[in-house]
Amino acid sequence: MAGFAGVDIFFVISGVIIAKTAPGLTWRSFAWRRFRRIVPLYLLISIPYAIVAYKTGFGWREGVATLLLWPATDQMTAPALPAAWTLCFEMLFYAAATIVVDRRLLSALIGIFGLAMIFRSAGPVLQFLGNPLIIEFGFGIALAYAPKWKPAVWCLPIGAGAMIAVGLIGMAPQGGTMEFLTGDNGFQRVLVYGFPAALIVFGTMQIDARPSAWTVLGDASYMLYLIHTLPITLLLMVDHVSDSSGPHHRDRHSRIGAFRLADVHSVRAAAAHIPAPI
């Protein structure tokens with residue numbers, strides 16, 4: 001279960017990155033940079049997933065969630081791309097950061113988040129806007145302004161050990177994509193994964209990294225994150241064609257059976273816990 005906490009580490013890292021890169025930019029410049037970084041590649045890679053989702057049921061709610069990365073309408077709906085539920089929060093955070101480039105609006109934004117959290121039971125929109133997972137972005141913002149302190153490198157193994165311990169003693173929060181979007185067990189997740197994630201990130205920030213193959217791989221991490229379930233999706237498409245071609249094609253079904261998940265929703269569930277490096 002500790003492996004699921006990669007998402008929480010990602011949210012903390014996002015808070016750090018935005019807090020360090022936004023100052024000095026106008027809101028237009030900041031918004032354009034983040035849009036250019038995230039949206040075109042996301043939409044390109046979402047196309048095959050949307051095709052598969054269309055075969056299994058793809059209505060207007062799925063369209064809004066997929067194209068706008070807004071999952072909260074009259075009911076919570078995940079995007080067609082399995083990993084994109086994390087991008088829903090990411091884009092929400094970018095929108096908030098764009099607003100508070102004018103720091104006079106910061107208190108109003110915090111107030112909106114607080115009210116949404118209090119009235120989360122009113123419906124999907126407030127569940128999303130008041131999701132406790134957003135607190136983890138706040139951890140990252142706080143870390144961005146924390147002074148560098150070399151002994152804090154020990155926070156890295158301490159945080160990792162805490163995450164492993166949470167899994168071993170059975171305190172890890174349960175759930176999948178829908179539970180993450182609605183914030184079920186959200187405060188538990190922030191406590192048992194968010195705080196250790198902040199320790200891991202703070203410890204890592206004390207390490208002076210040099211350019212290497214790992215840093216190059218890190219630069220490509222967003223693309224790798226988006227495409228990691230593409231092979232499964234393509235196999236599902238082939239399987240659909242095989243199933244509709246008649247009994248004489250059933251042997252194809254058996255050849256890909258080892259890779260096939262029950263349907264596109266199973267693909268979403270399988271990818272729900274993999275972090276999204278931005």
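Note that the structure is a prediction, hence the values are computed from the model and not measured.

## Topic: the confidence of the model for the chain
For the chain, per-residue confidence averages 80 on the pLDDT scale, and 75% of positions sit at 70 or higher. Throughout residues 248-277 the model reports pLDDT below 50, and contacts reaching past four residues in sequence, or to other chains, amount to 60 contacts.

## Quick look at the environment of Leu 126
By secondary structure assignment, the location of Leu 126 is in helix α6 (residues 124-129). Under the relative-accessibility criterion, Leu 126 is labelled partly exposed at 27%. Separated by 54 residues in sequence, Leu 126 and Ala 72 place their C-alpha atoms 8.4 Å apart. Not counting residues within four places of it along the chain, the set of residues in contact with Leu 126 comprises Ala 116, Phe 119, Arg 120 and Asn 131.

## Re the packing of aromatic side chains
Under the counting rule described, the total for this entry stands at eleven aromatic pairs. Between Phe 93 and Phe 137, the aromatic rings sit 4.4 Å apart at their centres with planes inclined by 25°, giving stacked as the arrangement. Here Phe 137 lies in helix α7 (residues 134-144) and Phe 93 lies in helix α4 (residues 85-99), a separation of 44 residues in the sequence. Members of the aromatic cluster, each reached through a chain of ring pairs, are Phe 10, Phe 11, Trp 70, Trp 85, Phe 89, Phe 93, Phe 128, Phe 137 and Phe 180. Geometry around Phe 180 places Arg 189 over its ring, the cationic atom sitting 4.6 Å from the centre.

## Quick look at the packing of helix α2 (residues 27-56) against α4
Where α2 meets α4, the closest approach of the two axes is 9 Å, and the angle between their N-to-C directions is 165°. Taken as axis vectors, α2 and α4 run roughly antiparallel relative to one another. Here the hand of the crossing between α2 and α4 comes out left-handed. Mapping the contact onto sequence places Trp 27, Phe 30, Ala 31, Arg 34, Ile 38, Val 39 and Tyr 42 in α2 and Leu 87, Met 91, Tyr 94, Ala 97 and Thr 98 in α4. Class assignment of the residues belonging to the contact of α2 with α4 gives a composition of ten nonpolar, one polar and one charged.

## Describing the packing of α2 against helix α3 (residues 60-68)
The contact between α2 and α3 brings their axes to 9 Å, and the two run at 140°. The angle between α2 and α3 places the two elements in the oblique class. Facing Tyr 42, Leu 43 and Ser 46 of α2, the residues of α3 in contact are Ala 65, Thr 66 and Leu 67. Of the residues that constitute the contact of α2 with α3, the class distribution is four nonpolar, two polar and no charged.

## What to know about the environment of Ala 144
Within the secondary structure layout, Ala 144 lies in helix α7. Its relative accessible area of 11% is what places Ala 144 among the buried residues. Sequence-wise, Ala 144 and Lys 20 are 124 residues apart; in three dimensions their C-alpha atoms are separated by 6.4 Å.

## Observations regarding α3
Residues spaced three or four apart along an α-helix face the same direction, because each turn holds 3.6 residues. Restricting attention to buried positions, one finds in α3 the residues Glu 62, Gly 63, Ala 65 and Thr 66. Positive backbone phi, approximately 55°, marks Leu 69, located one or two places after α3.

Thresholds, definitions, all that
- Residues numbered from 1 in each chain as written.
- Predicted model: local features only at pLDDT ≥ 70, side-chain atom pairs only at ≥ 80, totals over all residues.
- Heavy atoms only, no water.
- pLDDT = per-residue confidence, 0-100.
- Contact = heavy atoms within 4.5 Å.
- Helix = DSSP H or I, 4+ residues; strand = E, 2+ residues; numbered from the N terminus.
- Buried < 20%, exposed > 50% of the residue type's maximum accessible area, 1.4 Å probe, protein only.
- Phe/Tyr/Trp six-rings, centres within 6.5 Å; stacked < 30°, edge-to-face > 60°.
- Lys NZ or Arg CZ within 6 Å of the ring centre and 35° of its normal.
- Axes fitted to C-alpha atoms, helices over the stretch in contact; angles between N-to-C directions.
- Parallel < 35°, antiparallel > 145°, perpendicular 65-115°, else oblique.
- Left-handed = near helix turned anticlockwise from the far one by under 90°.
- Nonpolar A, V, L, I, M, F, W, Y, C, P; charged D, E, K, R; others polar.

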